[in-house]
Amino acid sequence: MKNNTLMRSSLLALAMMAAGSAAFAETVVVVSAKSGASALTADQVADIFLGKSNVLPGGGQAVPVDQADGALRDDFYSKSTGKTAAQVKAYWSKQIFSGKGQPPKEVGDSAAVKTLVASNPNMIGYIDKGALDGSVKPVLSLK
């Protein structure tokens, strides 16, 4: 009886860990397939998404596109900027209040980001790696 309970507990813990890691398999920063940018560092991405830079490597304006609040957005900011979702919101509140900037345009999900980014070589966004296709190209992988 004790062995069955222990086995069930172990299986449940493994299933929960697998589900958690699947949710954040990999977030990728993407640009249009037509963009001249080919690779970015996490620091460059952080600067673009925090309004500190508006230029893509290789030239061209950088127009960041954010996802709606949720797990992927939290994962993106944590891995690219080292900030929590609350810290990013506080940062943008201060920027807006002081007239120093506006946060990136927000759209729904990976599909919406991909559609928008694919249509404009100046846009940059982030999506779940599973949503990648030929319309966008990854410039940074955040594991």
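Preceding block: the structure.
Residues numbered from 1 in each chain as written. Predicted model: local features only at pLDDT ≥ 70, side-chain atom pairs only at ≥ 80, totals over all residues. Heavy atoms only, no water.

*Asks:* Just checking my understanding: could you explain the packing of aromatic side chains for this structure?
*Replies:* Any aromatic ring pair is given by two values, namely how distant the centres are and how the planes are angled relative to each other. Per the stated rule, a full pass over the model turns up seven aromatic pairs. Summarising the aromatic geometry, the rings of Phe76 and Tyr126 are spaced 3.9 Å apart at their centres and angled 5 degrees between planes, so their arrangement reads as stacked. A residue pair is termed long-range when its members are at least 10 positions apart, and Phe76 in helix 3 (residues 71–81) and Tyr126 in strand 4 (residues 123–128) qualify at 50 residues. For the residue pair Phe76 and Tyr126, the accessibility class agrees, reading buried in each case. Through successive ring pairs, a cluster of aromatic residues spans Phe49, Phe76, Tyr77 and Tyr126. (Phe/Tyr/Trp six-rings, centres within 6.5 Å; stacked < 30°, edge-to-face > 60°. Helix = DSSP H or I, 4+ residues; strand = E, 2+ residues; numbered from the N terminus. Buried < 20%, exposed > 50% of the residue type's maximum accessible area, 1.4 Å probe, protein only.)

*Asks:* Help me out: how do you make sense of the pattern of salt bridges in this one?
*Replies:* When their charged atoms lie close together, side chains carrying opposite charge are able to pair. With the rule as written, the count across this model stands at seven salt bridges. Note that Lys129 and Glu26 form a salt bridge whose closest N and O atoms lie 3.6 Å from each other. With Lys129 in the loop between strand 4 and strand 5 (136–142) and Glu26 in the loop between helix 1 (2–23) and strand 1 (27–32), this residue pair connects regions lying 103 residues apart in the sequence. Residue classification places Lys129 among the partly exposed positions, given a relative accessible area of 41%. For Lys114, the salt bridge is made with Asp133, and the minimal N-O distance between the two is 3.0 Å. Remark: Asp133 occurs in the loop between strand 4 and strand 5 and Lys114 occurs in helix 5 (residues 110–118); sequence separation between them is 19 residues. (Salt bridge = Lys/Arg side-chain N within 4 Å of Asp/Glu carboxyl O.)

*Asks:* I would appreciate a short explanation of the packing of helix 2 (residues 42–49) against helix 3 in the present structure.
*Replies:* Direction vectors running N to C along helix 2 and helix 3 enclose 120 degrees, while the axes themselves pass 8 Å from each other. Compared by their axis directions, helix 2 and helix 3 come out oblique. Within the contact between the two elements, helix 2 uses Ala42, Val45, Ala46 and Phe49 and helix 3 uses Phe76, Tyr77, Ser80 and Thr81. (Axes fitted to C-alpha atoms, helices over the stretch in contact; angles between N-to-C directions. Parallel < 35°, antiparallel > 145°, perpendicular 65-115°, else oblique. Contact = heavy atoms within 4.5 Å.)

*Asks:* Please clarify how helix 4 (residues 85–97) should be interpreted in this entry.
*Replies:* Because each turn of an α-helix spans 3.6 residues, side chains separated by three or four positions end up pointing in the same direction. Taking 1.5 Å of rise per residue, 13 residues should cover 18 Å, and helix 4 covers 18 Å from first to last C-alpha, within 8% of that figure. Three or more residues of helix 4 are buried, namely Val88, Tyr91, Trp92 and Gln95. Taken end-on, helix 4 shows its buried residues confined to a sector of 90 degrees, consistent with a single buried face. More than 90 degrees from the buried face of helix 4, the exposed residues found are Ala86, Lys94 and Phe97. Buried residues along helix 4 sit against helix 2 and helix 3. Gly99 lies just past helix 4 and shows a positive phi near 75 degrees. (Expected span 1.5 Å × (residues − 1). Arc of directions from axis to C-beta.)

*Asks:* Just checking my understanding: could you explain helix 3 for this structure?
*Replies:* Those residues of helix 3 lying buried are Leu72, Arg73, Asp75, Phe76, Tyr77, Ser80 and Thr81. Following helix 3 by one or two positions, Gly82 adopts a phi angle in the positive range, close to 80 degrees.

*Asks:* Just to check I follow, could you spell out the pairing of strand 4 for this structure?
*Replies:* Remark: a regular strand shows side chains that alternate across the two faces of the sheet. Counting buried positions over the six residues of strand 4 gives five, a clear majority of the element. By the bridge criterion, five bridges tie strand 1 to strand 4 in an arrangement that is antiparallel. Looking at strand 4, one finds that Val28 is bridged to Ile127. Of the strand pairs in this sheet, strand 2 (residues 63–67) and strand 4 are connected by two bridges, and their pairing is parallel. Bridge assignment links Val63 to a residue of strand 4, and that residue is Met123. (Pairing = 2+ DSSP bridges.)

*Asks:* Looking at this structure, how should I read the sheet that holds strand 4?
*Replies:* Backbone hydrogen bonds are what pair the strands of a sheet, in a parallel or an antiparallel way. Taken together, the five strands give an open sheet; going across it, the order is 3-2-4-1-5, and neighbouring strands pair in mixed fashion. Each edge of the sheet is formed by a strand with only one pairing partner; in this case those strands are strand 3 (105–107) and strand 5. Mean inter-strand twist for the sheet, computed between neighbouring axes without regard to direction, equals 35 degrees. Packing of helix 3 onto the sheet brings it into contact with strand 1, strand 2, strand 3, strand 4 and strand 5, and relative to strand 4 it is tilted by some 115 degrees. Taken strand by strand, helix 5 contacts strand 1, strand 2, strand 3, strand 4 and strand 5, and its axis lies near 150 degrees from that of strand 4.

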